[in-house]
Amino acid sequence: MGIYGGSYGGFMSFMAMFRAPESFKAGAALRPVTDWTSYNHEYTANILNTPDIDPEAYRRSSPIEYAEGLQGHLLIAHGMIDNNVMYQDSVRLAQRLIELRKDHWELASYPLERHGFVHPEAWYDEYRRIYQLFERTLK
């Protein structure tokens, strides 16, 4: 199977790829949260408390903690001026995949895009990459 999603859906794509690698051969995570400790405090604290009060909840809920589970093909796509999920989240996960010596992943960066893409050529590029990933890996 393949999976893709943006924002929280990107988080879910990571969790699926990392925690159920036998089920997902390919995935794309678009503007994804990788570590809840670096996300919007008001949003996250209502669900997970705060990292100092409940570090275990943050650890168990953050995809970066499960990156070693990646077996399939992964596309990470993120706007570099995202003002909701910071681009650094995807960069940190990319570094973790490098450290783990994982293969079959790529990071597509979009210098002019925020959380919600507005440039048609960026939308086209992102979805072209997803389509090509699935065509290449799921047939």
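Residues numbered from 1 in each chain as written. Predicted model: local features only at pLDDT ≥ 70, side-chain atom pairs only at ≥ 80, totals over all residues. Heavy atoms only, no water.

**Student:** Any chance you could break down a nonpolar patch on the surface for me, citing the residues and the numbers?
**Tutor:** A cluster of nonpolar side chains, Tyr4, Trp123 and Tyr127, forms an exposed patch at the surface whose accessible area comes to about 290 Å². Topologically, Trp123 is positioned in helix α5 (residues 120–137). (Patch = residues over 30% accessible without salt bridge, like charges linked within 9 Å, V, L, I, M, F, W, Y side chains within 5 Å. Areas by Shrake-Rupley, 256 points an atom, 1.4 Å probe, with all protein chains shown as cover. Salt bridge = Lys/Arg side-chain N within 4 Å of Asp/Glu carboxyl O. Helix = DSSP H or I, 4+ residues; strand = E, 2+ residues; numbered from the N terminus.)

**Student:** Go over the pattern of salt bridges with me, naming the residues and quoting the values.
**Tutor:** Taken as a whole, this structure holds 7 salt bridges when the rule is applied. Of the charged contacts, one joins Glu106 and Arg129 as a salt bridge, the two residues approaching to 3.0 Å between their closest N and O atoms. Taken together, the positions of Glu106 in strand β4 (residues 105–110) and Arg129 in helix α5 put the pair 23 residues apart, joining distant regions of the chain. Among the residues examined, Glu106 registers a relative accessible area of 27% and is labelled partly exposed. The partner of Glu135 in a salt bridge is Lys139, and the shortest N-O contact between them spans 2.7 Å. The exposed category is assigned to Lys139, whose relative accessible area is 73%. The structure contains a network of salt bridges with shared partners spanning Glu106, Asp125, Arg128 and Arg129. (Buried < 20%, exposed > 50% of the residue type's maximum accessible area, 1.4 Å probe, protein only.)

**Student:** Got a sec to walk through the sheet that holds strand β3 (residues 73–79)? Specific residues and values, please.
**Tutor:** Overall, parallel pairing links the 4 strands, which are arranged β1-β2-β3-β4 in an open sheet. What marks the edges here is a single partner per strand, and that holds for β1 (2–6) and β4. Averaged over all pairs of adjacent strands, the angle between their axes in this sheet comes to 10°, without regard to strand direction. By the bridge criterion, 5 bridges tie strand β2 (residues 26–30) to β3 in an arrangement that is parallel. Residue pairing for β3: Gly27 is matched across the bridge by Leu74. Most of the contacts of helix α1 (residues 8–19) go to β1, to which it runs at about 150°, and overall it touches β1, β2 and β3. (Pairing = 2+ DSSP bridges. Axes fitted to C-alpha atoms, helices over the stretch in contact; angles between N-to-C directions. Contact = heavy atoms within 4.5 Å.)

**Student:** Please set out the environment of Glu126 residue by residue, giving values where relevant.
**Tutor:** Position of Glu126 relative to the elements: it lies in helix α5. Between the C-alpha atom of Glu126 and that of Ile76, which follows or precedes it by 50 residues, the distance is 9.6 Å.

**Student:** I'd love a proper account of the side chain of Glu113, names of residues and values included.
**Tutor:** Structurally, Glu113 is set in the loop between β4 and α5. Summary of buried charges: Glu113 has no salt-bridge partner, and the nearest side chain of opposite charge, Arg114, is 8.1 Å away. Polar side-chain contacts of Glu113 include one of 2.7 Å to the side chain of His119. Dropping the residues within four chain positions of it, Glu113 is found in contact with Gly79, Met80, Ile81, Asp82, Val118, His119 and Ala122. (Lys, Arg positive; Asp, Glu negative; His and termini not counted. Polar contact = N/O pair within 3.5 Å; in protein donor to acceptor, adjacent residues only side chain to side chain.)

Geometric descriptors of this kind do not, in isolation, establish any biological role.
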